[in-house]
Amino acid sequence: MEDSKSQCDVLKKSLSEWSFSTPKLLLLPIDKVESNYIRRNVIGAVFSKVSPTPLKHKISLVSYSKDALINILDMDPSITESEDFTEFVSGNLVLSSSVPLAHRYGGHQFGTWAMQLGDGRAHLLGEYINNKGEHWELQLKGSGMTPYSRDGDGRAVLRSSIREFLCSEAMHYLGVPTSRAAALVVSNDPVLRDQFYNGFPELEKAAVVLRLAPTWFRFGSLELLARQGEVTTLKILTDFIIQEHFPSINPLDEDRYLQMFDEVSHKTLQLVAQWQGVGFTHGVLNTDNMSLLSVTIDYGPFGYLDAYHERYIPNNSDKEGRYCYGRQPEIVIWNLEKLARALSVLLNQERTGQLMEMVKNLQKHANDKLSVVFRKKLGLTTDQPGDLQLTQQLLNLMQETSTDFTMGFCQLGEVQLEHILEPEHTKEKWALETLKKAKTFQTFIEAYKKRIALEPELTESKRQALMKANNPRYVLRQWMAQSAIKKAENYDFSEVNLLLKVLQTPFSYQEEAEEMSYSSPPPCWARHIKVSCSS
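A short tour of the structure in this document, coming up.

Thresholds applied
Residues numbered from 1 in each chain as written. Predicted model: local features only at pLDDT ≥ 70, side-chain atom pairs only at ≥ 80, totals over all residues. Heavy atoms only, no water. Helix = DSSP H or I, 4+ residues; strand = E, 2+ residues; numbered from the N terminus. Rg over C-alpha atoms; globule rule 2.2 N^0.38 Å. Buried < 20%, exposed > 50% of the residue type's maximum accessible area, 1.4 Å probe, protein only. Contact = heavy atoms within 4.5 Å. Areas by Shrake-Rupley, 256 points an atom, 1.4 Å probe, with all protein chains shown as cover. Axes fitted to C-alpha atoms, helices over the stretch in contact; angles between N-to-C directions. Phe/Tyr/Trp six-rings, centres within 6.5 Å; stacked < 30°, edge-to-face > 60°. Core = buried A, V, L, I, M, F, W, Y, C linked by side-chain atoms within 4.5 Å. Pairing = 2+ DSSP bridges. Expected span 1.5 Å × (residues − 1). Salt bridge = Lys/Arg side-chain N within 4 Å of Asp/Glu carboxyl O.

Summing up its helical and strand segments, the protein has 19 helices and 12 strands in all. Over its C-alpha atoms the protein spans a radius of gyration of 24 Å, differing by no more than 12% from the 24 Å that the globule rule assigns to 535 residues. Each principal axis of the C-alpha atoms in the protein carries an extent, and together these give about 70 × 60 × 60 Å. When the 535 residues of the protein are sorted by exposure, 57% land in the buried category. Residue pairs at least 24 apart in sequence account for 71% of intrachain contacts in the protein once pairs closer than 6 positions are excluded. Total accessible area on the protein stands at roughly 22,400 Å², and carbon and sulfur atoms take up 51% of it.

Their axes nearest at 7 Å, the elements helix α17 (residues 478-488) and helix α18 (residues 494-502) cross at an angle of 145 degrees. Here M480, A481, S483, A484, K487 and A488 of α17 lie close against α18, whose contacting residues are S494, E495, V496 and L499.

Here we come to the packing of aromatic side chains. In this structure the tally under the stated criterion is 21 aromatic pairs. Grouping aromatic residues by their ring pairs yields a cluster made of W275, F280, Y299, F302 and Y304.

In this section: the nonpolar core. Most often, soluble globular proteins have nonpolar side chains that are buried together. In terms of nonpolar packing, the biggest core is built from 92 residues, with F217, L222, F261 and Y304 touching the most fellow members. For this core, the element with the most residues is helix α7 (residues 256-278), which contributes 10 residues. Beyond its immediate sequence surroundings of up to four residues, F217 is in contact with L25, L28, V46, F47, H103, L237, F240, I241, S291 and L292. Ranked by size, the runner-up nonpolar core spans 31 residues in total, among them F374, L390, L394 and I445.

Where burial is concerned, most of strand β6 (residues 122-129) is hidden: seven out of the eight residues are buried. Summarising the sheet, β6 and strand β7 (residues 135-141) pair through seven bridges and their orientation is antiparallel. Residue L124 lies in a different strand from β7, and its bridge partner there is Q139. Where β6 folds back onto β7 in an antiparallel hairpin, the turn is made up of five residues, including G133, whose phi is positive at roughly 85 degrees.

The next point concerns unusual backbone geometry. Phi angles above zero are rare outside glycine, and S402 is one such case at about 55 degrees. Positionally, S402 belongs in the loop between α11 (387-401) and α12 (405-412). Relative accessible area serves as the criterion here: at 47%, S402 is assigned to the partly exposed category. The phi angle at Y491 is positive, at roughly 65 degrees, despite the residue not being glycine. Within the secondary structure, Y491 is located in the loop between α17 and α18.

Counted at 1.5 Å a residue, the expected span for helix α15 (residues 441-453) with its 13 residues is 18 Å, and the 18 Å between its end C-alpha atoms agrees. Residues of α15 that are buried sit in contact with α10 (362-377), α11, α12, α14 (430-435) and α16 (460-470).

All right, on to the pattern of salt bridges then. A complete count under the given rule lists 35 salt bridges for this structure. One salt bridge connects K141 with E164, and the closest N-O pair in it is separated by 2.8 Å. One end of the pair, K141, is in strand β7; the other, E164, is in helix α4 (residues 158-173), with 23 residues separating them in the sequence. For the pair formed by K141 and E164, the shared burial category is buried. Here E514 makes a salt bridge to R473, at a shortest N to O gap of 3.0 Å. You can see E514 sitting in helix α19 (residues 511-515) and its partner R473 sitting in the loop between α16 and α17, a full 41 residues away along the chain. The burial state of E514 is the same as that of R473; both residues are buried. Because the salt bridges share partners, they merge into one network encompassing K141, E164, R211, R218 and D298.

Put into structure tokens, the structure is as follows:
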């Protein structure tokens, strides 16, 4: 009780009581031009100073994350009842302790170098060190134009903002490293979008997400400087990132860049293994969308698997399937190689050789991490030869029968293996019933039982408990998000908030979720949902 009371004492109930911490990011090279106009080739800067563009029409608070407010920002949830909070999230109110910045970076997009990109519709408001000593950076997405807006208008629309808000929080509760979303607002300010690039643009509502991350630096932050030959700025930025975000690395160690790559690569491969484990497909795995702190960022045309297919492509803009579900580990390795190339600019020949040797080992590390994730999903606890093959055997059956990925694993852990071939024990398990139609399902079960027998301590009840802990019942399926979006477009935010509540406990059975059919077979219309890079 005392801990709870002491926490309440430090929670701020108004923005007049709350302020950003001293901004260390201003120690980095800042653009000398402070006028806000689009420039294709800013030189010698990591950030440009630029303020959000105010929204002109009435602003409404769609939703907020109570957990993010309390446990990250030290804010009392009652703060959301004030007009100031809504104005703050929209970008209309800039606090005196804030120096808004737009970050300059580049990146490889769909395998091709895209040169300067940058925060084209995002403003980093400032840094905050909370009462736990954690460092967080607050960023608005959809808050107006910057020097990096290119051909954009600096805005985001409601549909994509709801998806980012909900998925950021959903991934956190799934245990996947991610940026967080503190709050979401909407305005009647009109935004013109051609959602499917088919020549039929429509007016949509503008929205802004207040999102949080330990840092927003990404692979492309270093790539651009290396590509442009800005070696001094590259060294300044890389040393700053190591100093501020890699406490295990001595910032004076001559091998610090190698150590940084080693840590980034291992954590990023762990991240993509976790994506695979929950059936998450990012949709736009460009190098500018890859965090240097190995957290999931930039939620755009993402999707979670319904019926399992390794070529699942949520992004309607990804015509060749470069970023499909099954290729994500391969693409992440490709992206890490591009990061290594950027860091090699700071290395001598010997250390560059060592770095490239590290790159050669990435595939093995990726396989090892995938094996651990799927071993847990099968309720197994020890490393045994053939575990990845057993997993692949199951995934092949899922693809053959179009078995739902989430509920297939979930229901496999709800039935005792000795009874799993008996119809009376599985007739209420719709996904498992689909899986059992596979011609070699019984062969898989026999192989699965033999594998379990290699762990004498692993009882059936332990297997089921482990599977329940590692296989969610609820994920943010496309149709669920779409249902909430349709209501929100008419200012009914009830399903956005219901989904936020449900996705906070994704591994537990919830009556409210069952009434909404969130663990039932997806509706027929779900297969026709399309999402794209237009947001």
